[in-house]
Amino acid sequence: MRRGGAVRVWLLRVWRLAALGTVFTLVLWNAAAQRGRDARPIGLREVQALWGDVAVVDPEVGPLGRALVSWDGATLGHALSTSPAADRLVGYAGPTEVLVLLDGDDRLRDFRIRESADTPGHVRDVADDERFAAALRGRSVAELAGATAEELGIDGVSGATRTSACVVDSIGLRLAPLLGREGSANGVVVGMRDLGLFAVALGGLALAFVRRARRRLRRLYQVVCVVWLGLVVTDLLSWSLFGAWALHGLPWRATPGLAALGAVSLLVPWATGRSVYCAQVCPHGALQEWVGRIAPRGLRVELPAAVRGPLAALPMLSVFLIVGALLVGLPLDLAALEPFDAWLLGAASLASIALAVFTLLASAAVPMAYCRYGCPTGALLESIRTPSTARLGRRDLVLALLLAFAVLLFTCRDTARATLAGMPW
Ligand code: SF4
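Residues numbered from 1 in each chain as written. Predicted model: local features only at pLDDT ≥ 70, side-chain atom pairs only at ≥ 80, totals over all residues.

Enquirer: Is there a simple way to explain the overall build of the chain in this structure?
Expert: A count of helices and strands for the chain gives 20 helices and five strands. Counting across all 425 residues of the chain, residues that qualify as buried make up 40%. Long-range contacts, defined as pairs at least 24 residues apart, comprise 71% of the intrachain contacts of the chain with a sequence gap of at least 6. (Helix = DSSP H or I, 4+ residues; strand = E, 2+ residues; numbered from the N terminus. Buried ≥ 20, exposed ≤ 12 C-beta atoms within 10 Å, placed from the backbone. Contact = placed C-beta atoms within 7 Å.)

Enquirer: Explain the site of the ligand to me, please; I cannot follow it from the model alone.
Expert: Every residue near the ligand is listed here: Cys278, Cys282, His284, Gly285, Tyr370, Cys371, Cys375, Thr377 and Gly378. Residue assignment for the shell around the ligand shows that the elements contributing at least two residues are helix H13 (283–294), helix H17 (369–373) and helix H18 (376–383). Residue composition of the shell around the ligand, grouped by class: five nonpolar, four polar and no charged. (Near = placed C-beta within 6 Å. Nonpolar A, V, L, I, M, F, W, Y, C, P; charged D, E, K, R; others polar.)

Enquirer: Is there a simple way to explain H13 in this structure?
Expert: One turn of the α-helix equals 3.6 residues, which is why residues spaced by three or four share an orientation. Between its terminal C-alpha atoms H13 stretches 17 Å, which fits the 16 Å expected from twelve residues at 1.5 Å a residue. Three or more residues of H13 are buried, namely Pro283, His284, Gly285, Ala286, Leu287 and Gln288. Those residues of H13 that are buried are in contact with helix H9 (214–232), helix H12 (277–281), helix H16 (350–365) and H17. (Expected span 1.5 Å × (residues − 1).)

Enquirer: For this particular structure, what's the right way to read the pairing of strand S5 (residues 108–116)?
Expert: Side-chain positions along a regular strand alternate between the two faces of the sheet. The sheet contact formed by strand S4 (residues 96–103) and S5 spans seven bridges and is antiparallel. Directly across from Leu101, in S5, lies its bridge partner Asp110. Here S4 hands over to S5 after four residues, with Asp106 in that stretch at a positive phi of 55°. (Pairing = 2+ DSSP bridges.)

Enquirer: Which parts of the structure should I look at to understand the nonpolar core?
Expert: In globular proteins that are soluble, nonpolar side chains generally tend to be buried together. Among the nonpolar cores identified, the biggest contains 64 residues, and Val27, Val323 and Leu326 are the most heavily contacted of them. In this structure, this core is formed jointly by two domains, domain 1 (3–34 + 190–421) and domain 2 (40–82 + 89–179), each of which donates at least three residues. Listed in part, the 34 residues of the second largest apolar core include Ile42, Leu99, Val167 and Leu178. (Core = buried A, V, L, I, M, F, W, Y, C linked by C-beta atoms within 7 Å. Domains from an automatic or database assignment.)

Enquirer: Just checking my understanding: could you explain the packing of H13 against H16 for this structure?
Expert: Geometry of a packed helix pair, given as the angle between the helix axes and the separation of the axes. Following both chains from N to C, one finds H13 and H16 inclined at 40°, their axes separated by 7 Å at the closest point. Classified by the interaxial angle, the pair formed by H13 and H16 is oblique. Viewed along their axes, H13 and H16 form a crossing whose handedness is right-handed. Contacts between H13 and H16 pair Leu287, Gln288, Val291 and Gly292 from the former with Thr359, Leu360, Ser363 and Ala364 from the latter. Across the contact of H13 with H16, the residue classes tally to four nonpolar, four polar and no charged. (Axes fitted to C-alpha atoms, helices over the stretch in contact; angles between N-to-C directions. Parallel < 35°, antiparallel > 145°, perpendicular 65-115°, else oblique. Left-handed = near helix turned anticlockwise from the far one by under 90°.)

Enquirer: Honestly, the environment of Val190 in this entry has me stumped. Any pointers?
Expert: Looking at the secondary structure, you find Val190 in the loop between helix H7 (161–175) and helix H8 (192–209). Along the chain, Val190 and Thr255 lie 65 residues apart, while their C-alpha atoms are 7.5 Å from each other. Not counting residues up to four positions away in its chain, the partners in contact with Val190 are Leu195 and Pro256.

Enquirer: Mind showing me how you'd approach helix H19 (residues 394–411) here?
Expert: Relative to the 26 Å expected for 18 residues at 1.5 Å per residue, H19 spans 26 Å between its end C-alpha atoms, a close match to the ideal helical length. When we look at burial in H19, the residues that qualify are Leu402, Ala406 and Leu409. Projection of H19 onto a plane perpendicular to its axis shows the buried side chains occupying an angular sector of 70°, all on one side. Structural note: H19 exposes Leu397, Ala400, Ala404 and Thr411 on the side pointing more than 90 degrees away from its buried face. (Arc of directions from axis to C-beta.)

Enquirer: Please clarify how the environment of Val291 should be interpreted in this entry.
Expert: Its place among the elements puts Val291 in helix H13. Once the C-alpha coordinates of Val291 and Met368 are considered, the two residues, 77 residues apart in sequence, prove to be 8.9 Å apart.

Enquirer: Is there a simple way to explain the environment of Gly138 in this structure?
Expert: For Gly138, the position within the fold is in the loop between helix H4 (130–136) and helix H5 (141–144). Each residue touching Gly138, except ones within four places of it in the same chain, is listed here: Arg107 and Leu108.

Enquirer: In this structure, what is going on with the packing of H9 against H13? I would like to understand it.
Expert: Taken N-terminus to C-terminus, the directions of H9 and H13 make an angle of 130°; their axes are 9 Å apart at the nearest point. Judged by the angle between their axes, H9 and H13 are oblique. Crossing geometry of H9 relative to H13 is assigned as left-handed. Two secondary-structure elements touch here, H9 through Gln222, Cys225, Val226, Leu229 and Gly230 and H13 through Pro283, Ala286 and Leu287. Considering only residue class, the contact of H9 with H13 consists of six nonpolar, two polar and no charged.

And the structure:
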């Protein structure tokens, strides 16, 4: 490529990365400002929901922020919130705030999730798991303070292991200062799962660049991704993940493997034009490809051009909707917009399963139907892919519109929030 052409392509790359980076930064700033405003004192009602005898919750007790819980003049125990102390701990996608109730002997009487940035389905599973709650109740502050789920030997909730571990770790981190301890969940944790995710990212990267023996290797690699990434660890990239990262920052300490897979999937197509995640890694993309290959030819449907155009715009329109929802705090369950939660099998919602089945069946009629006409995650990854032959074009116009939309919503966010608050969600 001529020198002038290379400079042009790199200018294009800088613009695309800057545009998308600005959109995510606006979401992050907005969320940080909102969290400060939304900090809620512990209320009597939420304590009574777990501890019926309580008559008074005095929110101002001691420098360590324990609210005093009492009844008829007698102190029953204390109530604490894990936020902001544990806001930097990330479960699957973001932090989880927990209300912690300690009895008069400084034992954990009960706890409840107040708010969580993790997928609502995972949070529900943790909140409803009596076995998990029973494993924590009754433990002393001395046991819990500074300890992690792993150190306490507490099994995670099936299908929501990271969210449940985050609940335990957050309680440990919040209680640590009561005994003058350090929380032990602050460092970078690289587990076997992370090593596997690094390997998946490297494998995808290698396949994106190796041409020889690519087809057979790719099929084998797809099987590995479907089985291990999809069914065993269920770490598919999705907007519920990217949205949470935009709201809370990249969780490179808590889930370095997943953060690396996300970074490789965004930055390699940006810098080289080669698609890593969609073309090599995504288990849902691989299943669609397999369904398309084995489905009888007679099922194929040729969509008219007049339908293909508007349909192809749907993924990016979904991205606009998601960015808007993140900026104005619309209570949108991002996991329900995509079929990836269905890979959790037993823990998946019916809506996710139905969407996954529908998208797979659709790919029998229209090859890669969901990738082409539905997937907002694919649209995000594709939006900054810049091959060396790229030119300024429609993709840049859409990115400019997305940037303008985000700036507008960021500027008018208070008005938008006030309007939404009056709606019957
Ligand atoms: S477009 Fe979506 S479903 Fe298709 S491969 Fe990419 S992420 Fe997976």
